[in-house]
Amino acid sequence: MENQNRPSFWSGFMSTNWSILITILSVFVGAIIICFGYLFLEDDIQKHLQKKELTPAQLEKLTQRAEQRISIAAEEANWDKVVDGIHLRTGFHADPNLQTIISACTSCHSSKLVTQNRATREGWETMIRWMQATQGLQDLGDSEPVILDYLAKYYAPKATGRRAQLDLANIEWYILELE
Ligand code: HEC
């Protein structure tokens, strides 16, 4: 009788202990899984908890920033655009040597200072010598003839917006009467 009871007592004891052990283990494993899950998803969880509606001021700011980026992108797209033979960004005449002129002549002052001037090749050379002597312009090396040719071609005196010569024969002269 005792011999038959004993195993059943032991098996009962063992199965109780095992189930306690398994319960404790699964609580541990569950806790570990939750901890890891939180570690991986922490940012998302935080974001979800902190999610707020944008105020109109914030929305406006974001819109402005987006518009700024769009206009910068548009400017970059136009960076080297040429319309009617004029390079939009600098106002220089388009030419195969344009990039040489841009890099040599726009680092110190606006390209406008160049395009609003007119001179012969010698005149341009004098200006370059003057800038070299007094304004720190470097020796232009092999680029100098290219630059002078370009300037003499597009910014020569005859190409200026001078008024036409007076047609002397057809002018109706009048006498200015002074009182
Ligand atoms: C190292 C700087 C520098 C570089 C590079 C430079 N310049 Fe100048 N340039 C100057 C300065 C400084 C002035 C005087 C600006 C002022 O008066 O406001 C000037 C003035 C001028 C003027 C006006 C002269 C006048 O009589 O009013 C012209 C035209 C000119 N530069 C053309 C050029 C050209 C063409 C190039 C390219 C070859 C060039 N510059 C490169 C510094 C430079």
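Note that the coordinates shown come from a computational prediction; the quantities given were computed from them, not determined experimentally.

**Focus on the domain arrangement of the protein chain**
When its domains are assigned, the protein chain resolves into domain 1 (1-51) and domain 2 (82-159). One C-alpha centre belongs to domain 1, the other to domain 2, and the line joining them spans 83 Å.

**So, the environment of Glu75**
For Glu75, the location among the structural elements is in helix 2 (residues 56-77). On a C-alpha basis, the gap between Glu75 and Thr126 in space is 35 Å, while along the polypeptide they are 51 residues apart.

**Description of a nonpolar patch on the surface**
Together, Ile32, Phe36, Tyr38, Leu39, Phe40, Leu41, Ile45 and Leu49 give the surface a local cluster of nonpolar side chains, amounting to about 870 Å² of exposed area. For Ile32, the location among the structural elements is in helix 1 (residues 2-50). Here Ile32 falls in the partly exposed class, since its relative accessible area comes to 45%.

**Things to note about helix 3 (residues 98-105)**
What helix 3 keeps buried is the set Leu98, Ile101, Ile102 and Cys105. An end-on view of helix 3 places all buried positions within 100° of arc, on one side of the element. Buried residues along helix 3 sit in contact with strand 2 (86-87), helix 4 (111-115) and helix 6 (143-154).

Procedures and definitions
- Residues numbered from 1 in each chain as written.
- Predicted model: local features only at pLDDT ≥ 70, side-chain atom pairs only at ≥ 80, totals over all residues.
- Heavy atoms only, no water.
- Domains from an automatic or database assignment.
- Helix = DSSP H or I, 4+ residues; strand = E, 2+ residues; numbered from the N terminus.
- Patch = residues over 30% accessible without salt bridge, like charges linked within 9 Å, V, L, I, M, F, W, Y side chains within 5 Å.
- Areas by Shrake-Rupley, 256 points an atom, 1.4 Å probe, with all protein chains shown as cover.
- Salt bridge = Lys/Arg side-chain N within 4 Å of Asp/Glu carboxyl O.
- Buried < 20%, exposed > 50% of the residue type's maximum accessible area, 1.4 Å probe, protein only.
- Arc of directions from axis to C-beta.
- Contact = heavy atoms within 4.5 Å.

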